[in-house]
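# Residue-level structure breakdown
Chain by chain, the residues run as shown.
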Amino acid sequence: MERPKDGVPFLDPESDMKITHESFKKLTRRITALEGMLSAHALRDDPDLTEKVASHAKRRDLSLRHKIAKKEAKAAAGLCFRDELKQRLRVLKRLGHVDDDGVVLTKGRVACEMTTADALVTTELVFDGAFKELPAELCCAAISALVWREAGPDIQEIKLSPACKDAHARIREVARAVGRHVAECKLEMDVAAYADSFRPDLMDLTRAWSTGTSFVDLMKMTSLHEGSVVRAIRRMEEVMRQLATACQNVGDAELREKFESCREMVKRDIVFCPSLFL
C-alpha cells in the first residue's frame, strides 16, 4: 500500500461520512460563499490589513461605549426628573392641593381645570376669597392680570385706578407667597420676577369693557394693538369659563354664578364676532 504523497486525504462529509442533513448542506454552502467573498475582497492582499482591522475593532469598541454612555445619561436624566417631580409634589402638598398620600384635594381639583392662566396663583385667589370680595367688574380686571404676559413699562409706572391698584396688589401678594413656597421646595424660582409677571396693563381697560364701553372708545384708552386686546379678552373669557366649571365641580354655586356673570359682561360686541369681515 502506497502512502499518499500529500498526506492522508480529507474525508468528504457527504460521500464518505454520509452526512445528508439539510442544515449541514446549508452551512456548507454558506462557508463556500463566505470563502469566495473573502478571496475577492479588496483588502485581501492589503499590506496594512492588520492595522485596519485593529482600527475597525477600536471603532466598534468606541461605538459600544457611546451606546452605554447614552444609556447611563438617560438614566441620570430620569433621576433628575424624579427629583424635580418630588419637589413639585412637595409644593402641591404645602399649598394643600394633595394630601400626604398624594390624593387630590378640593384645591387640586380646581387647579386641574386651569389651563389658560397660572393654576397655582389663580386657585389661591379662589380659596383666599379674593374673587368673592371683589365686584364683578373688578373680578374681570383681576383676571386680565392673570392672562396678560406681553412686555411693557415698569409696573410702578403704570397708572391704575385705586380699586384696580388694590386688586393688583392682592394678586402680587398671593404670587409672592406661592413663589416662596416653590423656592423653599428647591425649585428654581425668582420670587420677585414671578410676582412681576402678573402685569396690570389691561386692568382698567378690562374694567371699562366689562361695564359696557364700546370697542372704539376702549382703543382710545390704550396704545396697544387691537389684535392684542382682542386676544387678551378672549383668553379672559376662557379663564372665566374654566373658573366657573371648577367652582361647579367643588359645589360653590355662588362663585360659579359670579364667573358666569363675568363671562356675559366681557363676551360681547366685535371681540367675539366669528369673523371681523362681517
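Here, every reference points to the structure presented above.
Residues numbered from 1 in each chain as written. Predicted model: local features only at pLDDT ≥ 70, side-chain atom pairs only at ≥ 80, totals over all residues. Heavy atoms only, no water.

Quick look at the packing of aromatic side chains now. Two descriptors summarise a pair of aromatic rings, namely the distance from one centre to the other and the angle between the planes of the rings. Evaluated as defined, the whole model comprises three aromatic pairs. With a centroid separation of 5.5 Å and 85 degrees between ring planes, the pair formed by Tyr194 and Phe198 is classed as edge-to-face. Like Phe198, Tyr194 is buried. On the basis of an interplanar angle of 85 degrees and a centroid distance of 6.2 Å, the ring pair of Trp209 and Phe215 is categorised as edge-to-face. Across the pair, exposure class does not vary: Trp209 and Phe215 are buried alike. Its guanidinium or amino end placed over the ring of Phe198, Arg149 lies 4.7 Å from that ring's centre, counting from NZ or CZ. Arg268 extends its terminal NZ or CZ atom over the ring of Trp209, reaching a point 3.7 Å from the ring centre. (Phe/Tyr/Trp six-rings, centres within 6.5 Å; stacked < 30°, edge-to-face > 60°. Buried < 20%, exposed > 50% of the residue type's maximum accessible area, 1.4 Å probe, protein only. Lys NZ or Arg CZ within 6 Å of the ring centre and 35° of its normal.)

With that settled, the discussion passes to the pattern of salt bridges. Opposite charge on two side chains permits pairing when their charged atoms draw close. Scanning the entire structure with this criterion turns up 15 salt bridges. Note that Asp61 and Arg65 form a salt bridge whose closest N and O atoms lie 3.2 Å from each other. One end of the pair is Asp61 and the other is Arg65, both in helix 2 (residues 49-95) and four residues apart, which spans about a single turn. Among the residues examined, Asp61 registers a relative accessible area of 33% and is labelled partly exposed. (Salt bridge = Lys/Arg side-chain N within 4 Å of Asp/Glu carboxyl O. Helix = DSSP H or I, 4+ residues; strand = E, 2+ residues; numbered from the N terminus.)

Among all positions of helix 3 (residues 106-113), only Lys107, Gly108, Val110 and Ala111 are buried. Taken end-on, helix 3 shows its buried residues confined to a sector of 160 degrees, consistent with a single buried face. (Arc of directions from axis to C-beta.)

So, on to the side chain of Glu124. Along the chain, the position of Glu124 falls in helix 4 (residues 119-128). With a relative accessible area of 15%, Glu124 lands in the buried category. One polar contact links Glu124 to Lys107, side chain to side chain, over a distance of 2.7 Å. Glu124 has contacts with Leu95, His97, Lys107, Val174 and Val178, leaving out every residue within four places of it along the chain. (Polar contact = N/O pair within 3.5 Å; in protein donor to acceptor, adjacent residues only side chain to side chain. Contact = heavy atoms within 4.5 Å.)

Take the packing of helix 3 against helix 4 next. Two elements in contact, helix 3 and helix 4, have axes separated by 9 Å at closest approach and are oriented at 130 degrees. By the angle class used here, helix 3 and helix 4 are oblique. Read as a crossing pair, helix 3 and helix 4 show a hand that is right-handed. Along its contact with helix 3, which presents Thr106, Lys107, Val110 and Ala111, the element helix 4 presents Ala119, Thr123, Glu124 and Phe127. (Axes fitted to C-alpha atoms, helices over the stretch in contact; angles between N-to-C directions. Parallel < 35°, antiparallel > 145°, perpendicular 65-115°, else oblique. Left-handed = near helix turned anticlockwise from the far one by under 90°.)

A few words on the environment of Cys185. Mapped onto the elements, Cys185 comes out in the loop between helix 7 (162-184) and helix 8 (191-196). Taking the C-alpha atoms as reference points, Cys185 and Glu84, separated by 101 residues in sequence, lie 9.6 Å from one another. Setting aside residues up to four positions removed in sequence, Cys185 forms contacts with Gln87, Arg90, Val91 and Arg94.

Take the packing of helix 11 (residues 226-249) against helix 12 (residues 253-266) next. Remark: helix 11 packs on helix 12, axes separated minimally by 8 Å, with the N-to-C direction vectors making an angle of 160 degrees. As summarised for this structure, helix 11 and helix 12 are arranged roughly antiparallel, according to the angle between their axes. Crossing angle aside, the handedness with which helix 11 passes helix 12 is left-handed. The segment helix 11 lies against helix 12, with Ile233, Glu237, Met240, Arg241, Leu243, Ala244, Cys247 and Gln248 engaging Leu255, Arg256, Phe259, Glu260, Cys262, Arg263 and Val266.

Looking now at the state of the cysteines. The full count for this structure, using the stated rule, is zero disulfides. There is no disulfide at Cys273, and the cysteine sulfur nearest it, in Cys140, is 19 Å away. What makes Cys273 partly exposed here is its relative accessible area of 27%. (Disulfide = S-S within 2.5 Å.)

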